[in-house]
Amino acid sequence: MTENTGAKHGGAPGSRGRTTIADVVVEKIAGMAARDVLGVHALGSGFARSMGSMRERMPGAGSGKSATRGVSVEVGESQAAIDLEIVVDYGVSITDVAGAVRENVISAVEGMAGREVVEVNIVVSDVKLPDEEDEGEQRQRIE
């Protein structure tokens, strides 16, 4: 994930040195872009979401939802491949949502991280029904 820029003397100041982008940065960009799509209820499997919900309640475990839950990436010097696991809302067209997620993720990663996205693989692991409670909502009532 290192971008080599001109190291010759006399080059523009902005091109002297290297820029390194960590994999987790690309994961967060992809996760946020996927969540922005209408019809995406959550990222990650039910088990991953419930474990994340428990982790969020532990003191010192960080605040808020994990931006990388349900996202994995392979990042090279100029390209990235992204795998997403999503839960969609009931009633939406899954193929339309998947297409919109791909477009949004590709646009965000290429624009922000400067990496060509060669593929975005999507697994739809669940459908959120209107009468289902989220795992977090259910645990809060039980406590």
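Preceding this section is the structure that the text describes.
Each value, and the rule that gives it
- Residues numbered from 1 in each chain as written.
- Predicted model: local features only at pLDDT ≥ 70, side-chain atom pairs only at ≥ 80, totals over all residues.
- Heavy atoms only, no water.
- Helix = DSSP H or I, 4+ residues; strand = E, 2+ residues; numbered from the N terminus.
- Buried < 20%, exposed > 50% of the residue type's maximum accessible area, 1.4 Å probe, protein only.
- Contact = heavy atoms within 4.5 Å.
- Areas by Shrake-Rupley, 256 points an atom, 1.4 Å probe, with all protein chains shown as cover.
- Core = buried A, V, L, I, M, F, W, Y, C linked by side-chain atoms within 4.5 Å.
- Pairing = 2+ DSSP bridges.

### Quick look at the overall build of the protein chain
Of the regular secondary structure elements, the protein chain holds four helices and six strands. Going from the N terminus to the C terminus, the protein chain shows its helices and strands as β-β-α-β-α-β-β-α-β-α. Taken over 143 residues, the protein chain has a buried fraction of 31%. Sequence-distant contacts, at least 24 apart, represent 67% of the contacts inside the protein chain between residues at least 6 apart. Carbon and sulfur atoms form 51% of the exposed surface of the protein chain, whose accessible area is close to 8800 Å².

### Remarks on the nonpolar core
Side chains of nonpolar character tend, in soluble globular proteins, to be buried together. Judged by nonpolar contacts, the single largest core of 27 residues is most densely connected at Ile82, Leu84, Val101, Val105 and Val109. Broken down by element, the residue count for this core peaks at seven residues, all from helix α3 (residues 94-113). Setting aside its immediate chain neighbours within four residues, Ile82 contacts Ala30, Val71, Ser72, Val73, Val105, Val109, Val117, Glu119, Val120 and Asn121.

### Here's the deal with the environment of Tyr90
Here Tyr90 shows up in the loop between β5 (79-89) and α3. Classification of Tyr90 by relative accessible area gives exposed; the value is 57%. Separated by 38 residues in the primary sequence, Tyr90 and Lys128 place their C-alpha atoms 5.5 Å from one another. Non-local contacts of Tyr90, meaning those with residues more than four positions away in its chain, are made with Val127, Lys128, Leu129 and Pro130.

### Some words on the pairing of β5
As defined by bridge partners, strand β3 (residues 40-43) adjoins β5 across three bridges and the pair is classed as antiparallel. By the bridge assignment for β5, Ala42 is matched with Val87. Looking at chain direction, strand β4 (residues 71-75) and β5 are connected through five bridges and run antiparallel. Bridged to Val73 within β5 is Ile82. Here β4 folds back onto β5 in antiparallel fashion, the turn holding three residues. Alignment of β5 against strand β6 (residues 116-128), held across 11 bridges, turns out to be parallel. From the neighbouring strand, Asp89 faces β6, where its bridge partner is Lys128.

### Focus: the environment of Glu119
Tracing the backbone through its elements, the reader meets Glu119 in strand β6. Judged by relative accessible area, which is 39%, Glu119 ranks as partly exposed. When the C-alpha atoms of Glu119 and Ile82 are compared, they prove to be 6.2 Å apart, with 37 residues separating the residues in sequence.

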